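Listed here are the chains, written in short residue letters.
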Amino acid sequence: MIQPGTPVDPVARAAPRGRPRGGGPFAELRALRRLWRRDVVLALTLTAVVATLGLFVVYPLVMATITPRAEDWLRAVTTPRWRVTMGNTLMMAALSTVSSVVVGFLYAYAITRARIPGARWFTLVPLLPLITPPFVSGLAFILLFGRRGIVTYELLGLNTNIYGWHGLWLAQTVSFFPIAFLAIAGVLRSINPNLERASESLGASAWTTFRKVLLPLASPGIGAAALLVAIAVLGDFGNPMLIAGRFRVLATEAYLQISGWADMRMGAALGLALLVPAVVFFFLQRHLQGASVGRFVTVGGRGSRLEAAPLPGWVRWSLFAFCLAIALFMGAKYAVIVLGAFTPVWGIDYSFTLDNLTHVLVRTGELWNSLRFAGTAALACAVLATVSAFLVYRVKVPFGRALDLVSLLPAAIPGTLLGIAYVLAFNTPPLQLTGTGTIIVLSMVFSYLPVGYRIAAATLQQLAPSIEESAADMGASAMRTFVDVVLPLIGTSFSAALVYCFVKAVGTLSAVVFLISHGNVVASASILNLAEQGYWGWAAALATLLITAALLALALAKLVLGRRFAFFDV
Amino acid sequence: MNDRAHHGAPPLAPRTAARRARGLAPLALAVALLGSLAPSALAQGPLLVYSIIQEQDAAAITSAFTAATGIQVQTIRASGGEIVARVIAEASSPRADIVLGGASNLHIAMTNAGVLDAYLTDAAPYLDPGQRDADGYWSGFYLTALGIGINEERFRRQYGDKPLPETWEDLLDPEYAGEIVMTDPIASSTAYLFLQTQLQRLGWDDGWAYLEALAPNVGQFPTSGSAPPRMVGTGEYILGVAFVHSLSTTIEQGFPVTLVVPPGTGGEAGSVSIIAGGPNPDLARQFVDFVMGVDAQQAFTDISLTTPLNPDVVLPAAAIARASIEMIDFDPELAGSQREETLRRWEATLD
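Residues numbered from 1 in each chain as written. Chains lettered and ligands numbered in written order. Predicted model: local features only at pLDDT ≥ 70, side-chain atom pairs only at ≥ 80, totals over all residues. Heavy atoms only, no water.

**Student:** Account for the overall build of chain B, with residues named and values stated.
**Tutor:** Secondary structure assignment for chain B yields 15 helices and 11 strands. Counting the 351 residues in chain B, one finds 55% classified as buried. By sequence separation, contacts in chain B at least 24 residues apart represent 74% of the contacts at least 6 residues apart. Within the structure as shown, chain B displays about 14300 Å² of accessible surface, and the carbon and sulfur contribution to it stands at 55%. (Helix = DSSP H or I, 4+ residues; strand = E, 2+ residues; numbered from the N terminus. Buried < 20%, exposed > 50% of the residue type's maximum accessible area, 1.4 Å probe, protein only. Contact = heavy atoms within 4.5 Å. Areas by Shrake-Rupley, 256 points an atom, 1.4 Å probe, with all protein chains shown as cover.)

**Student:** Explain the overall build of chain A to me, and be specific about the residues and the numbers.
**Tutor:** Counting its secondary structure elements, chain A contains 26 helices and zero strands. Over its C-alpha atoms chain A spans a radius of gyration of 24 Å, differing by no more than 12% from the 25 Å that the globule rule assigns to 570 residues. When the backbone C-alpha atoms are referred to their principal axes, chain A occupies close to 70 × 60 × 50 Å. Residues counted as buried form 62% of the 570 residues belonging to chain A. Per element, the accessible surface of chain A, about 21200 Å² overall, is 68% carbon and sulfur. (Rg over C-alpha atoms; globule rule 2.2 N^0.38 Å.)

**Student:** Report on the interface of chain B and chain A, specifying residues and quantitative values.
**Tutor:** Across the contact, 60 residues belong to chain B and 52 residues belong to chain A. Summed over both sides, the interface between chain B and chain A buries roughly 5000 Å², with carbon and sulfur atoms accounting for 50% of that surface. Looking at the side of chain B facing chain A, the largest losses of area belong to B:Glu82, B:Arg230 and B:Glu236, adding up to 13% of the total buried there. Linking chain B with chain A are two salt bridges. (Buried area = accessible area lost by both parts, 1.4 Å probe. Salt bridge = Lys/Arg side-chain N within 4 Å of Asp/Glu carboxyl O.)

**Student:** Could you give an account of a positive patch on the surface, with specific residues and numbers?
**Tutor:** All names here are of chain A. A contiguous patch of positive charge, built from Arg30, Arg33, Arg34, Arg37 and Arg38, is present on the exposed surface. Note on placement: Arg30 falls in helix α1 (residues 25-38). Since its relative accessible area comes to 46%, Arg30 is described here as partly exposed. (Patch = residues over 30% accessible without salt bridge, like charges linked within 9 Å, V, L, I, M, F, W, Y side chains within 5 Å. Lys, Arg positive; Asp, Glu negative; His and termini not counted. Charge placed at Lys NZ, Arg CZ, Asp CG, Glu CD.)

**Student:** Could you give me a rundown of the confidence of the model for chain A, with the residues and numbers involved?
**Tutor:** Residue and element names in this part refer to chain A. Model confidence for chain A is summarised by a mean pLDDT of 81, while 91% of its residues fall at 70 or above. Element-level pLDDT for chain A is lowest in helix α7 (residues 134-145), with a mean of 75, against a maximum mean of 91 in helix α4 (residues 80-112). Overall, residues 1-21 carries pLDDT values under 50, and its contacts beyond four positions in sequence, including any with other chains, amount to 46 contacts. (pLDDT = per-residue confidence, 0-100.)

Below you can see the structure in the form of structure tokens.
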């Protein structure tokens, strides 16, 4: 095994190593044949990954694609309302992506580089918006910032109206900066501070070092984050439903065609239309970053790391204030939810009661299902994400680009459509999975694979290929290299993918509504039910229990695994 | 206790034990009865229900059914559109027997998709023609009607001693500008009912004049049907148009809301239907008969405060009687055929 702390290699590399292999399909086929001859284990792994993605991503999408008829597609394109909606959708993708990535980067930078006080606690904050089902956090948001909101009306005396694109912008930034944070933090952590030290001892100012050394090194992470956030914004329907007011986006329209009019064909047409901008974004990011990716590599590892150079005090404290403001914002939202759990009428009567809690305590079975399914899914998702990212970005397997794209697609599909596609695809033998817990776990794995995969890919792009080359020179097979060399170096991104998938899966909603079956109900579905039926106190109580249980599960994982579970290490 | 644990049998919690004992007697009876009737029925059950009505309300009906027949029932609850989409998606291999509750337009959508079984029950001679499908694909058992929810606290603060609105026309008062909330008809089939109620009540041209006058008073058209009661409850808006039963729930939850059912309101029959090809077709028919009966509807009305269709049900004080809701003669066929035209014009009205 290679010792961590191998010398840093910031040399600009000419070879486009960071990208999957190009070339025509015939060249790829020839390469595939060579691969079978050269390394059977690797070829089998590739086959397994391709089969899994084909079965659980491509096949359901094909089933969804053949649902609409020609007239539905025609109506989707010709209805003026939906053309405006498409424009709105793209506008939000641009706005919310930029703001989420900026916030996510600053937050990650403050925690990993600026060493702000309490950094470890601040890593918990971005997890919160991921766990809570949107309906409950949406009501908390409205109670705080609505027309009669605690902050806007009671505290500031404002007569504001949050409903519209500006309110949506704020809500999406809050919802999606955690994705940017996760993607960027992993990369920032793996950049060896020695580089910045070297830059500064050569006479560069802190600002120049930041601009010329750190930013270029972090660019694969930033690019991956931007792509992920943009695609998640495309598929977001929870936030627009609650706070967009009269402003419409495509994902909500697709959701409403299904849930409001039970028009599956139209819903599928509108939902699938989101794949077009998603694929464009994919190639755009590739095109923009193609030049820089792979030019800068730096080996992760801890051995010879120096401390990052201390930042000027005012920078450090401004970053601290920034993180604190975000933490307070989140804190207020969750305080409102916890308040809702212990008061008789949320937003009206704030006297203390335990009634809500006793009502939902009978649902421990559902809580256990949530944790059980999410835990299984998280493990599977992190493994699959890491293995596929390794195959595509390091081994450079044939057809890597196609794999790359397919692993991204589920992020753009509104969950409702994904859930229906799963029902359509897996309702009959030989693959009859409806009615089982397995289909719930699978939907979780593939819904959250894109983020896990991108996090792993961004970190892998940081590793100098020379390490694996030396391993290969000493006779290690590709899989051996993966297990002994690569895996120890990307522990952070593996943990991040695991944690992300876990907390998202615990709060999962839109797809799972179609997949829960008698005996396999999860808590998030019940929270939606209770909220929708007007039992806000019970919904808040169940949400509080769910968040608490999920955080306890993570704490337990940290306790048992220690440093191998690298998520909370700063 | 120790002794038991020693032998490896887990001690039964007293409640579980009692429940088991209570559940066993009718179960044994039912098994004996069914066994004597038809051998095929013996292997069946539990009955699988998709519920659009609230969990507790569905439980009131299903537990009454289990008590009466000994047949076990398992229920999953989701919103109307989601249940309908799910039933249609699962048509290749149906996973449930019954769709319980939800306005008739949802059941019509499933009928048109060919995923329901026709069953003309004899148990509901009291149903009017509009309250059941002529071929028996769905049968109504309660009434869903539109009403107005008022946050009286905010109303008094803003308008002093002004009388509360009582008719649909009262909502046109320019003083209410921006203070009304109602669900977006484009987003929801049940909100579309409001447009059609006005168009059918006043006639096409006068109906549109009404809607065009109303539009500027509406501050927001949220997309979820549960939003208007909630927004009126928390005081985000003073007035809201929503279904009577969902406003009742908001009131029951303790929100300061007053409910008004204007004369000439629109409504549909909340219905039950049988999923074609479900695992227990015979039990499903038995269940539909049961839902039409007085026992099921009494239990349902007592807990949900909805308006039952079976005339023999004794109304609880807080529920609104069928006779006291003055409904227009609503034509669902006409509403269905005008959908595209109506929504296009509605959209143009808003812009």
